[in-house]
Amino acid sequence: MKKFPVDFIWGTATSSYQIEGAAYEGGKGPSIWDAFSGIPGKTHNGETGEIACDHYNKFKEDIQLMKNMGVKAYRFSIAWTRIMPTGKGNINEEGIQFYSDLIDALLEADITPWVTLYHWDLPLALQLEEDGWLGSKIPDYFAAYVDVCFERFGDRVKNWITLNEPWVVAILGYGQGVFAPGRISTSEPYEAAHQLLLAHSKAVHVYRDKYAHQNGQIGITNNCDWREPLTDSDLDKEAAERALEFFLAWFTDPVYLGDYPQVMKDRLGDRLPTFSEEEKKLIKGTSDFFGLNHYTTMYAAHDDGTEKERCVYGNGGISEDQDVDLSLDPNWNLTLMKWAVVPWGCKKLLEWISKRYDSPKIYITENGCAYTDKLVDGEVDDQYRLDFYKGYLEACNEAIENGVNLKGYFAWSFMDNFEWASGYDKRFGLHYVDFKTLKRIPKKSAYWFRKVTANNSVDF
Ligand code: PNW
């Protein structure tokens, strides 16, 4: 029997801009995603999160659906622009009230809130006035914003995540320009990442210095794919290791070990900002748990420099800096995002993290898959998603048996939502959303998930 530990946390996840809608209501200020998605050509069919799932008005119904699914925890994010419409200064009490009501309703339903403080929807004012994450004052503004969140919600919220996937912000937002704020550069990603790390560490220190009495835990969530060496050669093994360090250790080495990986320093030279000794001390140890979002796997080989087409989206960084050639096994099944379904990659990644960072407590804060789900006779038969979850959860279970300290798992996502630049046809949800009527329908995978949480096992 593949049983999970008794205290294992089963949850589901979402983010503010992807589900809330009410983008211009409740005193909310505009974010960079409101602006970016409003520019023709930036998102699939010009879609935006203006209405999204209208969770802002339907949150009580959504909590009932979560309860039906038996989840113990719900990870959502707070929109900075609902708390502070211009990112600094004035507090919007209507925004505070919305999250306060949401938190109360979750607790009432016996669901533990896990709150992400930043899931990419930076206040537009901070982009315009401070140059977004390139601005040197942003970490302080972030610290002031999270202080308000701890003060107002910390009596009830005990699990905090500072940033969601700084890699995506840096690489897709400042490198490839496919996400807000849409910048294209080979140096800005490293600068933005540096500011993100400083913001994270300041936020954690605010929590530890001022709110220790709230007795909560705080950490950061990073995303990483697995990189499997294409061959047994030393060069390919080194390439796979290098790819993982440029993807994940870029953010997690400073937090766990106090500085960037040596291979990044060697290869990037002046383009990699440096931490002062004081900053290194400030950053080291700023995560009570290791938050991991994991979706897929690719093969990595040493790039010998011959001209070839480079894989761009999801390549793990700026490939010229890494000399890593990525590829897929033609036998792997692909999801609608063209991400390969490779459960053993998840297990290997968990073991890699455990080894490098001395067995930290890990939570998978996102894992899931997108398909073109169809509603037939009022039902969604997403057996492919059920198979995906079963495979990845079996891999998690094996990792735990091998000593990985995995404490919880959040399925991405609770319901279909605005999948950023890909818009609404990439459906990641356990619940189907009809974006015309905004009706929610549990998919087959949601009913299956209910059995998983009830039995603490995936053996069916
Ligand atoms: C994550 N990549 O995004 C986000 O946290 C979610 O908001 C999002 O809906 C989900 O995964 C599915 O995409 C990612 O290119 C976006 O490697 C891109 C990548 C990884 C994660």
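What you see is a predicted model, and the numbers here were worked out from it, not measured in a lab.

### Some thoughts on helix α14 (residues 383-401)
Along an α-helix, residues three or four positions apart point the same way, because every turn accommodates 3.6 residues. Over its 19 residues, α14 runs 27 Å from end to end, which matches the ideal 27 Å to within 8%, given 1.5 Å per residue. Where α14 is concerned, the buried positions are R385, L386, F388, Y389, G391, Y392, L393, A395, C396, N397, A399 and I400. Against β1 (9-13), α13 (343-356), β10 (362-366), β11 (406-412) and α15 (444-455) lie the buried residues of α14. Directly beyond the C-terminal end of α14, a positive phi value near 100 degrees is found at G403.

### Digging into the site of the ligand
Neighbouring the ligand are 18 residues, the closest being Q18, H119, E366, E419 and W420. The side chain of E165 places a nitrogen or oxygen atom 3.1 Å from an oxygen atom of the ligand. Contact distances for the ligand include 2.9 Å between an oxygen atom and a side-chain N or O atom of W420. Bound to the protein, the ligand loses 99% of the 450 Å² it would expose on its own.

### Some words on the sheet that holds strand β4 (residues 159-164)
The strand order around the closed barrel formed by eight strands is β1-β2-β3-β4-β5-β7-β10-β11, and the pairing between neighbours is parallel. Between one strand axis and the next, the sheet turns through 25 degrees on average, direction left out of account. Alignment of strand β2 (residues 73-77) against strand β3 (residues 112-118), held across five bridges, turns out to be parallel. Paired with F76 across the two strands is V115, which belongs to β3. Against the sheet, α13 engages β7 (290-293), β10 and β11, with an angle of about 135 degrees to β10. Across the sheet, α14 lies against β1, β10 and β11, angled at about 170 degrees from β11, the strand it touches most.

### Points about α13
Look at α13: 21 Å from first C-alpha to last across 14 residues, which is about the 20 Å you get at 1.5 Å a residue. After α13 finishes, the residue D358 shows a positive phi value of roughly 65 degrees.

### Things to note about the sheet that holds strand β6 (residues 226-229)
As summarised here, the arrangement of the three strands in space is β6-β8-β9, forming an open sheet in which the pairing is mixed. Strands at the two margins of the open sheet, each flanked by one partner only, are β6 and β9 (324-327). Strand after strand, the sheet turns through a mean of 40 degrees between neighbouring axes, direction not considered. The pairing of β6 with strand β8 (residues 297-302) spans four bridges and is parallel. Each residue of the ladder has a partner; that of P229, found in β8, is A300.

### What to know about the packing of helix α10 (residues 234-257) against α13
In the contact formed by α10 and α13, the axes pass within 12 Å of each other and the chain directions differ by 45 degrees. It follows from the interaxial angle that α10 and α13 lie oblique. For the pair α10 and α13, the sense of crossing is right-handed. Residues E241, L244, E245, L248, A249, D253 and L257 of α10 form the contact with α13, whose participating residues are L349, W352, I353 and R356.

### Re the pattern of salt bridges
This structure, assessed with the given rule, holds 33 salt bridges. As a salt-bridge pair, D104 and R156 come within 2.9 Å of each other at their nearest N and O atoms. Residue D104 is found in helix α5 (residues 93-108), and its partner R156 is found in the loop between α7 (138-153) and β4; the two are separated by 52 residues along the sequence. For R156, a relative accessible area of 18% puts it in the buried group. Among the ionic pairs, R385 bridges to D373, the shortest N-O distance being 3.1 Å. One end of the pair, R385, is in helix α14; the other, D373, is in the loop between β10 and α14, and 12 residues separate them in sequence. In this pair, the class of R385 matches that of D373, namely buried.

### A short note on the pairing of strand β12 (residues 431-434)
Bridge analysis of β12 against strand β13 (residues 439-442) gives four bridges, and the strand direction is antiparallel. Residue pairing across strands places V433 opposite R440, the latter belonging to β13. Turn length for the β12-β13 hairpin, with the two strands adjacent in sequence and antiparallel, is four residues, and the turn residue L438 shows positive phi of about 65 degrees.

### A look at empty space enclosed by the protein
Under the criterion given, the structure shown has three cavities of 30 Å³ or more. Empty space within the largest cavity amounts to approximately 50 Å³. I32, W33, Y118, W120, V168, V169, G173, F179 and A180 together form the lining of the largest cavity. Counting only elements with at least two residues in the lining of the largest cavity, the list comes to α2 (32-37) and α8 (166-174). If you tally residues by element for the lining of the largest cavity, the top one is α8, at three residues. A breakdown of the residues in the lining of the largest cavity according to their chemical character gives eight nonpolar, one polar and no charged. Empty space within the second largest cavity amounts to approximately 40 Å³.

### Let's talk about the packing of aromatic side chains
In the structure shown here, the tally under the stated rule is 54 aromatic pairs. On the numbers, 6.3 Å between centres and 80 degrees between planes, the contact of W33 with F418 is edge-to-face. Here W33, found in helix α2, pairs with F418, found in the loop between β11 and β12; they are 385 residues apart in sequence, far enough to count as distant. Residue classification places W33 among the buried positions, given a relative accessible area of 0%. F418 gets classed as buried once you look at its relative accessible area, which sits at 0%. Seen from their ring centres, F388 and Y389 are 5.8 Å apart, and the 85 degrees between their planes marks the pair as edge-to-face. This pair shows no difference in class: F388 is buried, exactly as Y389 is.

Cut-offs used in this document
- Residues numbered from 1 in each chain as written.
- Predicted model: local features only at pLDDT ≥ 70, side-chain atom pairs only at ≥ 80, totals over all residues.
- Heavy atoms only, no water.
- Helix = DSSP H or I, 4+ residues; strand = E, 2+ residues; numbered from the N terminus.
- Expected span 1.5 Å × (residues − 1).
- Buried < 20%, exposed > 50% of the residue type's maximum accessible area, 1.4 Å probe, protein only.
- Contact = heavy atoms within 4.5 Å.
- Near = heavy atom within 4 Å.
- Polar contact = N/O pair within 3.5 Å; in protein donor to acceptor, adjacent residues only side chain to side chain.
- Areas by Shrake-Rupley, 256 points an atom, 1.4 Å probe, with all protein chains shown as cover.
- Pairing = 2+ DSSP bridges.
- Axes fitted to C-alpha atoms, helices over the stretch in contact; angles between N-to-C directions.
- Parallel < 35°, antiparallel > 145°, perpendicular 65-115°, else oblique.
- Left-handed = near helix turned anticlockwise from the far one by under 90°.
- Salt bridge = Lys/Arg side-chain N within 4 Å of Asp/Glu carboxyl O.
- 1 Å grid on protein atoms, 1.4 Å probe; cavity = no way out; pocket = protein on both sides within 12 Å on 5 of 7 lines; lining within 4 Å.
- Points joined across faces, edges and corners; volume = space filled by probe spheres on them.
- Nonpolar A, V, L, I, M, F, W, Y, C, P; charged D, E, K, R; others polar.
- Phe/Tyr/Trp six-rings, centres within 6.5 Å; stacked < 30°, edge-to-face > 60°.

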